[in-house]
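Observations on the model geometry
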Amino acid sequence: MMNEDNHMTRIASDFTWKDDNLAWPRPQSQRGITAARWDEYRALFLKARVKHGTSREEKSCDIELIVWTWGLVTGGMSTSYVHCGTPTNDLVHTQPACLAHKDAGTFSDDKEDYRYKRLTEGWYLSEERN
(Lines give C-alpha, C1' and ligand atoms only; values in the text may rest on other atoms or scores of the structure.)
Protein backbone atom coordinates (compact mmCIF):
# COMPACT_ATOMS: atom_id res chain seq x y z
CA MET A 1 0.00 0.00 0.00
CA MET A 2 2.84 2.40 0.80
CA ASN A 3 4.22 1.85 -2.71
CA GLU A 4 0.87 2.97 -4.11
CA ASP A 5 0.77 5.91 -1.67
CA ASN A 6 4.37 6.95 -2.37
CA HIS A 7 3.68 10.63 -1.61
CA MET A 8 3.02 9.68 2.03
CA THR A 9 5.99 9.69 4.43
CA ARG A 10 4.13 8.67 7.58
CA ILE A 11 0.78 7.05 8.23
CA ALA A 12 -0.26 6.43 11.82
CA SER A 13 -3.64 5.68 13.36
CA ASP A 14 -4.12 9.31 14.37
CA PHE A 15 -2.20 11.41 11.81
CA THR A 16 -0.63 11.41 8.34
CA TRP A 17 2.35 13.21 6.80
CA LYS A 18 2.82 13.87 3.12
CA ASP A 19 6.20 14.43 1.49
CA ASP A 20 5.23 18.11 1.06
CA ASN A 21 3.17 18.69 4.24
CA LEU A 22 3.88 17.53 7.80
CA ALA A 23 1.31 19.88 9.37
CA TRP A 24 -1.32 18.33 11.61
CA PRO A 25 -4.22 18.63 11.90
CA ARG A 26 -5.21 19.53 8.37
CA PRO A 27 -8.42 19.20 6.34
CA GLN A 28 -9.42 15.79 4.93
CA SER A 29 -8.81 17.12 1.42
CA GLN A 30 -5.13 17.69 2.32
CA ARG A 31 -4.41 14.43 4.19
CA GLY A 32 -3.01 12.67 1.13
CA ILE A 33 -5.23 9.57 1.31
CA THR A 34 -8.97 9.08 1.49
CA ALA A 35 -10.72 8.31 4.77
CA ALA A 36 -11.47 4.81 3.44
CA ARG A 37 -7.81 4.21 2.59
CA TRP A 38 -6.74 5.44 6.02
CA ASP A 39 -9.24 3.03 7.59
CA GLU A 40 -7.60 0.21 5.58
CA TYR A 41 -4.23 1.12 7.07
CA ARG A 42 -5.70 1.29 10.56
CA ALA A 43 -7.26 -2.17 10.18
CA LEU A 44 -3.94 -3.62 9.01
CA PHE A 45 -2.03 -1.92 11.84
CA LEU A 46 -4.43 -3.46 14.35
CA LYS A 47 -4.27 -6.92 12.77
CA ALA A 48 -0.45 -6.89 12.56
CA ARG A 49 -0.03 -5.20 15.97
CA VAL A 50 1.84 -2.30 14.42
CA LYS A 51 1.09 0.22 17.14
CA HIS A 52 2.70 3.32 15.65
CA GLY A 53 2.03 2.99 11.93
CA THR A 54 4.36 3.14 8.99
CA SER A 55 7.06 5.50 7.80
CA ARG A 56 9.09 6.05 4.66
CA GLU A 57 11.77 8.64 4.04
CA GLU A 58 11.28 10.80 0.99
CA LYS A 59 12.63 9.10 -2.18
CA SER A 60 13.14 5.81 -0.29
CA CYS A 61 12.16 2.33 -1.42
CA ASP A 62 12.39 1.13 2.23
CA ILE A 63 9.34 1.01 4.48
CA GLU A 64 9.32 0.95 8.27
CA LEU A 65 6.54 -0.58 10.38
CA ILE A 66 6.89 1.01 13.81
CA VAL A 67 5.90 -1.36 16.61
CA TRP A 68 7.30 0.35 19.72
CA THR A 69 8.50 3.83 20.71
CA TRP A 70 9.64 5.59 23.86
CA GLY A 71 10.76 9.15 24.44
CA LEU A 72 10.20 12.59 23.03
CA VAL A 73 10.96 14.43 19.80
CA THR A 74 14.30 15.48 21.32
CA GLY A 75 15.40 11.89 22.01
CA GLY A 76 14.12 8.39 22.37
CA MET A 77 14.06 4.84 21.03
CA SER A 78 12.00 2.87 18.55
CA THR A 79 11.72 -0.70 17.33
CA SER A 80 10.50 -1.40 13.82
CA TYR A 81 10.20 -3.99 11.14
CA VAL A 82 11.96 -2.70 8.04
CA HIS A 83 11.15 -3.88 4.54
CA CYS A 84 13.87 -3.23 1.96
CA GLY A 85 12.15 -2.34 -1.28
CA THR A 86 13.52 -2.55 -4.79
CA PRO A 87 15.48 0.54 -5.88
CA THR A 88 14.31 2.33 -9.02
CA ASN A 89 15.44 5.43 -10.89
CA ASP A 90 13.45 7.50 -8.38
CA LEU A 91 13.74 5.45 -5.15
CA VAL A 92 16.84 4.30 -3.25
CA HIS A 93 17.67 2.45 -0.03
CA THR A 94 17.85 4.76 2.99
CA GLN A 95 17.54 2.40 5.96
CA PRO A 96 20.94 1.34 7.40
CA ALA A 97 19.95 -2.35 7.35
CA CYS A 98 18.99 -2.17 3.69
CA LEU A 99 22.13 -0.25 2.76
CA ALA A 100 24.40 -2.75 4.53
CA HIS A 101 22.47 -5.85 3.40
CA LYS A 102 24.02 -8.02 6.13
CA ASP A 103 22.54 -10.52 8.59
CA ALA A 104 23.09 -8.14 11.52
CA GLY A 105 24.95 -5.00 12.36
CA THR A 106 25.11 -1.57 13.88
CA PHE A 107 25.39 1.92 12.50
CA SER A 108 26.02 5.24 14.24
CA ASP A 109 26.17 8.82 13.08
CA ASP A 110 26.08 12.18 14.88
CA LYS A 111 22.33 11.91 15.50
CA GLU A 112 21.36 8.25 15.89
CA ASP A 113 22.47 4.73 16.70
CA TYR A 114 20.94 1.77 14.88
CA ARG A 115 21.15 -1.93 15.27
CA TYR A 116 19.42 -4.44 13.09
CA LYS A 117 19.00 -8.14 12.44
CA ARG A 118 17.74 -9.85 9.31
CA LEU A 119 14.52 -11.80 9.81
CA THR A 120 14.15 -13.09 6.26
CA GLU A 121 15.14 -11.88 2.81
CA GLY A 122 14.27 -8.19 2.58
CA TRP A 123 12.98 -7.90 6.18
CA TYR A 124 14.82 -6.70 9.27
CA LEU A 125 14.14 -5.97 12.92
CA SER A 126 15.60 -2.54 13.60
CA GLU A 127 16.21 -0.51 16.76
CA GLU A 128 16.95 3.20 16.63
CA ARG A 129 18.13 5.47 19.46
CA ASN A 130 18.58 9.21 19.27
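Let us look at the structure shown here. (Residues numbered from 1 in each chain as written. Predicted model: local features only at pLDDT ≥ 70, side-chain atom pairs only at ≥ 80, totals over all residues. Heavy atoms only, no water.)

1. Brief notes about the pairing of strand β6 (residues 104-108)
To keep things clear, this is the line we draw: Strands pair, by our definition, only if DSSP identifies at least two bridges between them. Strands are runs of DSSP state E lasting at least two residues, helices are runs of H or I lasting at least four, and both sets are numbered from the N terminus onward.
Relative to strand β7 (residues 113-120), β6 is paired through five bridges, and the arrangement is antiparallel. When the bridges of β7 are listed, S108 appears paired with D113.

2. Focus: helix α1 (residues 35-48)
Operational definition: Expected span, for any helix, means 1.5 Å times one less than how many residues it has. The classification of residues rests on relative accessible area computed with a 1.4 Å probe and restricted to protein chains. Under 20% of the type maximum is buried, over 50% is exposed, and intermediate values are partly exposed. Our arc is simply the arc of the directions from the helix axis toward the C-beta atoms. Contacts between residues were defined by any pair of non-hydrogen atoms, one from each residue, lying within 4.5 Å.
With 14 residues, α1 extends 20 Å between its outermost C-alpha atoms, agreeing within 8% with the 20 Å of an ideal straight helix rising 1.5 Å per residue. Every buried residue belonging to α1 is among R37, W38, Y41 and F45, and all of these are buried. Seen from one end, α1 has its buried residues packed into an arc of 100°, which puts them on one side. Away from its buried face, by an angle of more than 90 degrees, α1 presents the exposed residues A36, L46 and K47. Looking at the buried positions of α1, the neighbouring elements they touch are β1 (8-11), β2 (16-18) and β3 (54-55). The positive-phi residue at the C-terminal boundary of α1 is R49, with phi of around 60°.

3. Observations concerning the state of the cysteines
To keep it simple, the criterion reads: The definition used for a disulfide is geometric: two cysteine sulfur atoms within 2.5 Å.
One pass over the full model with this rule turns up one disulfide. Counting only cysteine sulfurs, C98 is the nearest neighbor of C61, a cysteine outside any disulfide, at a range of 7.0 Å. On the basis of relative accessibility, which here comes to 4%, the residue C61 falls in the buried class.

4. Structural notes on the nonpolar core
The cut-off we apply is this: Among buried residues, the Ala, Val, Leu, Ile, Met, Phe, Trp, Tyr and Cys ones that are joined through side-chain atoms within 4.5 Å form a nonpolar core.
Counting nine residues, the largest nonpolar core is built from M2, M8, I11, I33, W38, Y41, F45, V50 and I63. Listed by contribution, the elements that provide at least two residues to this core are β1 and α1. Of the residues forming this core, the biggest block, three residues, is contributed by α1. Those residues in contact with W38 that sit more than four places away from it in its chain are I11, A12, S13, D14, F15, T16, W24, R31 and I33.

5. Regarding the packing of aromatic side chains
The condition is simple: When two rings of Phe, Tyr or Trp (its six-membered ring) have centres within 6.5 Å they constitute a pair, described as stacked for plane angles under 30 degrees, edge-to-face for angles over 60, and tilted for the intermediate range. Put simply, a charge is over a ring when the Lys NZ or the Arg CZ is close to the ring centre, within 6 Å, and near the line of the ring normal, within 35 degrees.
Summed over the entire model, instances satisfying the criterion amount to five aromatic pairs. Residues W24 and W38 carry aromatic rings whose centres are separated by 5.8 Å and whose planes lie at 85° to one another, so their mutual orientation is edge-to-face. On the criterion of sequence distance, the pair formed by W24 in the loop between β2 and α1 and W38 in helix α1 is long-range, its members being 14 residues apart. We classify W38 as buried; its relative accessible area is 5%. Of note, R42 hangs over the ring of W38, and the distance from its end group to the ring centre comes to 3.8 Å.

6. Digging into the sheet that holds strand β5 (residues 75-83)
Going by this rule: The axes used here are C-alpha line fits, helices contributing only the stretch in contact, and every angle between their N-to-C directions lies in the interval 0 to 180 degrees.
With antiparallel pairing, eight strands are arranged side by side in an open sheet as β2-β1-β3-β4-β5-β8-β7-β6. Each end of this open sheet is capped by a strand with a single partner; those strands are β2 and β6. The pairing of strand β4 (residues 63-72) with β5 spans nine bridges and is antiparallel. Across the sheet, residue L65 finds its bridge partner in β5, namely Y81. Lying over the sheet, α1 contacts β1, β2 and β3, oriented at roughly 55° with respect to β1.

By themselves, these figures tell us nothing about what the structure is for.
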